[in-house]
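Letter by letter, the chains look like this.
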Amino acid sequence: MTTKRKPGRRPGAADTRGEILTAARKVFAEKGFDKATVRAIAREAEVDPALVHHYFETKEGMFAAAMQLPITPDAVIAVLLEGPREEIAERLVDLILKVTATPETREPMVALIRSAMTNEQAVTMFREFITNALLYQVADRLGVPHLRIEAAFAQMFGVIMGRYVIKLEPLASASHDELVELLVPTIQRYLAV
C-alpha cells in the first residue's frame, strides 16, 4: 500500500526550494532541457508539481535558477523586444555585456559554457535551452530566420569566450562602450530582415 502525500508545503523545516533545484539539476543532466518535465522534477524532489510551479513559474525559470544563471529567458526576451526594432542589437549587446561584467553574474554563465565545451550532456542541454527557450522565441517574434539569430548568438558567444575564458587582449580589457560601438552594427545586420 502506498501513501499519497498531501499537496502543499512539507512538514518541518525542509528546504523545499533547494530540494527542487537539486532534483532539477539531476533531471536536466539526465534528460536534457527539452525532455525534462516539471512532473519528472517534482517526482524526483518528491513534491507536488504545483509546488514546483509555486517556486518557479516556468521550466525555463527553473533551469536558470538550477544552473545559477543571472537572468531568465523571459527577462531577456522582454528587454530585447521592448523598444524600436532598429535598436535591438544595442539592447542585446548592452544586456550581455552588463550581465557578464561582474564575477557573481558572469561565473555561472562561464561555468555552464566550460561544461558545454567538455561534456556531451552539458552541450546538449545548453543547446536545447539556448535555442528553444531563448533564440527561437526571439527569432519567431521578430520574423528573423533561425540561422540569423544563431549567427548573432555565435558572435556574442565568441566575444564572451574571448573576453572571459581565453582572455584575449585587448578584447578582455576593452570598455563597455568600445564593445557596444564595435559589435552593434554586426549584430544589427544579422537581425535586419
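Just above sits the structure.
Residues numbered from 1 in each chain as written. Predicted model: local features only at pLDDT ≥ 70, side-chain atom pairs only at ≥ 80, totals over all residues. Heavy atoms only, no water.

Asks: Account for the pattern of salt bridges, with residues named and values stated.
Replies: This model, assessed by the stated rule, comprises two salt bridges. In this structure, glutamate 44 and lysine 26 form a salt bridge, with 3.2 Å as the shortest nitrogen-oxygen distance. In this pair, glutamate 44 sits in helix H2 (residues 38-45) while lysine 26 sits in helix H1 (residues 16-35), placing the two residues 18 residues apart along the sequence. Residue class for lysine 26 comes out partly exposed when judged on its relative accessible area of 39%. Here lysine 98 ties to aspartate 94 by a salt bridge, and the two come within 3.1 Å at their closest N and O atoms. Here the residue lysine 98 and the residue aspartate 94 both occupy positions in helix H6 (residues 88-99), the gap between them amounting to four residues, near one helical turn. Residue lysine 98 is classed as exposed on the basis of its relative accessible area of 52%. (Salt bridge = Lys/Arg side-chain N within 4 Å of Asp/Glu carboxyl O. Helix = DSSP H or I, 4+ residues; strand = E, 2+ residues; numbered from the N terminus. Buried < 20%, exposed > 50% of the residue type's maximum accessible area, 1.4 Å probe, protein only.)

Asks: Provide a residue-level description of unusual backbone geometry, including the pertinent values.
Replies: Across the junction of glutamate 169 and proline 170, the peptide omega takes the value 15°, indicating a cis bond. Turning to its location among the elements, proline 170 is positioned in the loop between helix H9 (146-165) and helix H10 (176-191). The phi dihedral of lysine 167 is positive, around 60°, even though this residue is not glycine. Relative to the helices and strands, lysine 167 is located in the loop between H9 and H10. Of the residues examined, lysine 167 reaches a relative accessible area of 56% and is grouped as exposed.

Asks: Explain the nonpolar core to me, using residue names and the numbers behind them.
Replies: Among the nonpolar cores identified, the biggest contains 65 residues, and Phe28 and Ile187 are the most heavily contacted of them. Of all the elements, helix H8 (residues 120-142) adds the most residues to this core, at eleven residues. With residues up to four places along the chain from it excluded, the contact list for isoleucine 187 reads Ala89, Leu92, Val93, Ala152, Gln155 and Met156. (Core = buried A, V, L, I, M, F, W, Y, C linked by side-chain atoms within 4.5 Å. Contact = heavy atoms within 4.5 Å.)

Asks: Let's hear about the environment of phenylalanine 153: which residues, and what values?
Replies: Residue position: phenylalanine 153 is located in helix H9. Owing to a relative accessible area of 26%, phenylalanine 153 belongs among the partly exposed residues under this scheme. Along the backbone, phenylalanine 153 and tyrosine 190 are 37 residues apart, and their C-alpha atoms lie at a distance of 9.6 Å. Ignoring any residue separated from it by four or fewer positions in sequence, one finds phenylalanine 153 in contact with Phe126, Ile130 and Leu135.

Asks: Tell me about H10, residues and numbers included.
Replies: The terminal C-alpha atoms of H10, which comprises 16 residues, lie 21 Å apart, in line with the 22 Å expected from a rise of 1.5 Å per residue. Considering bend angle alone, the principal kink of H10 is centred on leucine 183 and spans about 35°; proline proline 185 follows within four residues of it. Buried residues along H10 sit in contact with H6 and H9. (Expected span 1.5 Å × (residues − 1). Bend = angle between axes of the 7 residues up to and from the residue.)

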